[in-house]
Amino acid sequence: MPLLYTINDCRLIQLDKNSDSRGNLTHIEGKEHVPFDIRRVYYIYDVPAGSQRAGHGHKNLFQVLIALAGSFDVHLDDGKNKRTVLLNRPYEGLLITPQIWRVIDNFSSGAVCLALASDRYDESSYYRDYDQFLEARKAIDPAGGILIK
Ligand code: TYD
């Protein structure tokens, strides 16, 4: 397992879609779909047009984001490389590892962002400042490379 995660460790997770004449149903079951124990669920909604959410990183937290309704962009940044993922399907999750700076924007009207998290809310688990985030990554690997255990 990498000690220092990169944006390449963030990936889309396909969930199932049970469709019939009554509509669709998607389920998420423990470690079958999400590679961590879910200890917290929160959701972001009623986002005013043009607003941006997140704009932070986490030290140890894993998360899966799902566009339960509507769409939004998730910008991932590991201090070296950046990638933007459009989430617009309620049967698709984006796994975000620790040590990734993320910004969420371009929310469509009525968008709902569901987040599954590996730990309870803890303000001390955040990097709220981008420079502090970059410094922390360097401290994990002063050479700026990727350390693999
Ligand atoms: P914040 O993390 O700043 O939102 P964003 O994901 O857009 O960066 O959280 C906004 C507020 O909600 C802040 O006061 C902390 C609080 N909060 C909780 O109490 N529990 C939670 O699980 C989360 C994610 C936030």
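Preceding block: the structure.
Please read all numbers here as calculations on a predicted model, not as lab measurements.

Here we take up the sheet that holds strand E1 (residues 11-14). On the basis of which strands lie adjacent, the open sheet formed by five strands has the order E1-E9-E6-E11-E4 and antiparallel pairing. Of all strands in the sheet, those with a lone pairing partner are E1 and strand E4 (40-44), marking the two edges. Here the strands of the sheet are splayed against their neighbours by 25° on average, with no regard to which way each runs. Pairing between strand E6 (residues 63-69) and strand E9 (residues 92-96): four bridges, direction antiparallel. Note that in E9 the partner of Ile 66 across the bridge is Gly 93.

This next bit is on the pairing of strand E10 (residues 101-105). Most of E10 is tucked away, with four of its five residues classed as buried. The sheet contact formed by strand E7 (residues 72-77) and E10 spans five bridges and is antiparallel. Bridge assignment links Leu 76 to a residue of E10, and that residue is Arg 102.

Where charged atoms of side chains with opposite charge meet at close range, the side chains can pair. According to the stated counting rule, one finds five salt bridges in the structure shown. In this structure, Asp 37 and Lys 31 form a salt bridge, with 3.8 Å as the shortest nitrogen-oxygen distance. On the accessibility criterion, Asp 37 (42% relative accessible area) is partly exposed. Taking the shortest distance from any N to any O, the salt bridge between Glu 123 and Arg 128 comes out at 2.8 Å. A relative accessible area of 37% places Glu 123 in the partly exposed class.

Now for the site of the ligand. Around the ligand sit Arg 40, Tyr 42, Arg 53, Ala 54, His 56, Tyr 121, Tyr 126 and Arg 128, and that is every residue in its neighbourhood. Interatomic distance of 2.5 Å between a side-chain N/O atom of Arg 40 and an oxygen atom of the ligand. His 56 is positioned such that a nitrogen or oxygen atom in its side chain is 3.1 Å from an oxygen atom of the ligand. Contact with the protein chains covers 60% of the free accessible surface of the ligand, which is 520 Å². The set of elements that each furnish at least two residues to the shell around the ligand consists of E4 and strand E5 (53-58). If you tally residues by element for the shell around the ligand, the top one is E5, at three residues. Within the shell around the ligand, the residues separate by chemical class into four nonpolar, one polar and three charged.

Burial in helix H2 (residues 130-140) covers these residues: Phe 133, Ala 136 and Arg 137. Down the axis of H2, the buried set is contained in an arc of 100°. They therefore lie on one face. Exposed residues pointing more than 90 degrees away from the buried face of H2 are listed as Asp 131 and Ala 139. Of the surrounding elements, those touching the buried residues of H2 are E7, E10 and strand E12 (126-127). Near the N-terminus of H2, the side chain that reaches the backbone nitrogen of Asp 131, with its oxygen 3.2 Å away, is that of Asp 129.

Conventions and cut-offs
- Residues numbered from 1 in each chain as written.
- Predicted model: local features only at pLDDT ≥ 70, side-chain atom pairs only at ≥ 80, totals over all residues.
- Heavy atoms only, no water.
- Pairing = 2+ DSSP bridges.
- Helix = DSSP H or I, 4+ residues; strand = E, 2+ residues; numbered from the N terminus.
- Axes fitted to C-alpha atoms, helices over the stretch in contact; angles between N-to-C directions.
- Buried < 20%, exposed > 50% of the residue type's maximum accessible area, 1.4 Å probe, protein only.
- Salt bridge = Lys/Arg side-chain N within 4 Å of Asp/Glu carboxyl O.
- Near = heavy atom within 4 Å.
- Polar contact = N/O pair within 3.5 Å; in protein donor to acceptor, adjacent residues only side chain to side chain.
- Areas by Shrake-Rupley, 256 points an atom, 1.4 Å probe, with all protein chains shown as cover.
- Nonpolar A, V, L, I, M, F, W, Y, C, P; charged D, E, K, R; others polar.
- Arc of directions from axis to C-beta.
- Contact = heavy atoms within 4.5 Å.

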